[in-house]
Amino acid sequence: MNTEICEKIKKMLVENLRIPEDELEYTSELFGDDIGLDSIDSIEIIAGIDSLFGVQMTGAARENFQSIETLAKYVEEHQGE
Amino acid sequence: MTIEKTVYNEYNYNVVFCMQKRGDRVNEQTEKSPVKQSLWGKFFQMLITWTVYFLFRPKIIYEDKTLKKALKNRSCVFVANHTHHFDGAYGGAVLWRYKPYVLVKKSWYEKPRTGKMISWCRCIPINLDEADGEWFKTAEGIVENGGSLLIFPEGGIAREGHMQEFKAGAALISAKHAVPIVPCAIFGTYSPVFGMRQKILVGKPIESNCPPDMRHSKYARELISKAEARVRAMYRELADKYGDCETYKEF
């Protein structure tokens, strides 16, 4: 797990989606009971990831959006493509 | 540092604007001309506008007469009901004063001739089949630079004779960037030349002021339901005044 990417994603989620920082762990379920995001929030996540890392997540499978950790993994795998 | 970026994606859509990094100062060029369009694009867009005015003789009604000027110098998100494939061209033409970028379903860009023509106009492709962040990023760039958008939040034409529910994604830009939503009701059957004039009623802006502790998505839902109610009421007003044009069985 790349902590630097995780931290950047966390910061983006806190700033853009207004998720309280103390509620957000790297493994928190973003769309589940933990944070409770919905499909509209995913648009902001995709745009945020694209701005931060230049990685396009449009059309990416749902499981990649599960947590900060899975998002970071996706970014790591697709960076520089 | 300001990055001058020309956006030509795989659909070659016509958005050329200066993007600035968050927190950076806006340079003179960005302030002066935030959203640029190619010369040919401008000419083609003008041609479309004339054609729309000639064919459909649009009647533009403002709920409040001061709106015509007031909307000119500010960013806003126009949202309208969607009854016909011409709505995009019509909306873009009658709202030419505000130069809105129209959100167009990505599949239209894949049609050989139509796609090419759409790419010359002020349009942004949106993929409705999956969570698409690309349109949002482009729209953010436009709004941040003082531009406006025209969105059909139903996500498609009302084929079953009634206005569909408005999707909240359309209001997300508005919620995040505190840009007002302007509800518009499009009324008529696009009868060319001698038929009934195609009408558009432009409503009062719904101001966006997302509370600091509220998620943009939640606020966007509130905004869009207000906008939907306004568009329905405005459509009803037009139907009462001009008679039912039978676009919808119910609205």
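Note that the coordinates shown come from a computational prediction; the quantities given were computed from them, not determined experimentally.

1. Section: unusual backbone geometry
Residue and element names in this part refer to chain B. The phi dihedral of Arg57 is positive, around 40 degrees, even though this residue is not glycine. With respect to the helices, strands and loops of the structure, Arg57 is situated in the loop between helix 2 (39-56) and strand 4 (59-62). Positive phi, close to 45 degrees, is recorded for Lys99, a residue that is not glycine. Note on placement: Lys99 falls in the loop between helix 4 (87-94) and strand 6 (100-105).

2. Describing a negative patch on the surface
Residue and element names in this part refer to chain A. A cluster of acidic residues, Glu7, Glu21, Asp22 and Glu23, forms a negative patch on the protein surface. In this fold, Glu23 is placed in the loop between helix 1 (3-16) and helix 2 (39-53). In this structure Glu23 comes out as partly exposed when scored by relative accessible area, which is 44%.

3. A short note on the pattern of salt bridges
Considering all chains together, one arrives at eight salt bridges over all chains under this definition. Notably, a salt bridge pairs Asp38(A) with Arg221(B), separated by 2.5 Å at the nearest N-O pair. Taken together, the residues Asp38(A) in the loop between helix 1 and helix 2 and Arg221(B) in helix 9 (residues 216-242) connect one chain to another. Since its relative accessible area comes to 37%, Arg221(B) is described here as partly exposed. For Glu228(B), the salt bridge identified is with Arg232(B), shortest N-O distance 2.8 Å. Taken together, the positions of Glu228(B) and Arg232(B), both in helix 9 and four residues apart, correspond to about one turn of that helix.

4. Focus: the sheet that holds strand 7 (residues 123-126) of chain B
Residue and element names in this part refer to chain B. Across the sheet, seven strands lie side by side as 4-10-9-5-8-6-7; this open sheet has mixed pairing. What marks the edges here is a single partner per strand, and that holds for strand 4 and strand 7. The sheet shows a mean angle of 25 degrees between the axes of neighbouring strands, taken without regard to direction. The pairing of strand 5 (residues 77-80) with strand 8 (residues 148-151) spans three bridges and is parallel. In the sheet register, Phe78 faces strand 8, and the bridge partner there is Leu150. The sheet strands contacting helix 7 (residues 134-144) are strand 6, strand 7 and strand 8, and the helix crosses strand 7 at an angle near 155 degrees.

Cut-offs used in this document
Residues numbered from 1 in each chain as written. Chains lettered and ligands numbered in written order. Predicted model: local features only at pLDDT ≥ 70, side-chain atom pairs only at ≥ 80, totals over all residues. Heavy atoms only, no water. Helix = DSSP H or I, 4+ residues; strand = E, 2+ residues; numbered from the N terminus. Patch = residues over 30% accessible without salt bridge, like charges linked within 9 Å, V, L, I, M, F, W, Y side chains within 5 Å. Areas by Shrake-Rupley, 256 points an atom, 1.4 Å probe, with all protein chains shown as cover. Salt bridge = Lys/Arg side-chain N within 4 Å of Asp/Glu carboxyl O. Lys, Arg positive; Asp, Glu negative; His and termini not counted. Charge placed at Lys NZ, Arg CZ, Asp CG, Glu CD. Buried < 20%, exposed > 50% of the residue type's maximum accessible area, 1.4 Å probe, protein only. Pairing = 2+ DSSP bridges. Axes fitted to C-alpha atoms, helices over the stretch in contact; angles between N-to-C directions. Contact = heavy atoms within 4.5 Å.

All we've got here are geometric facts, nothing functional implied.
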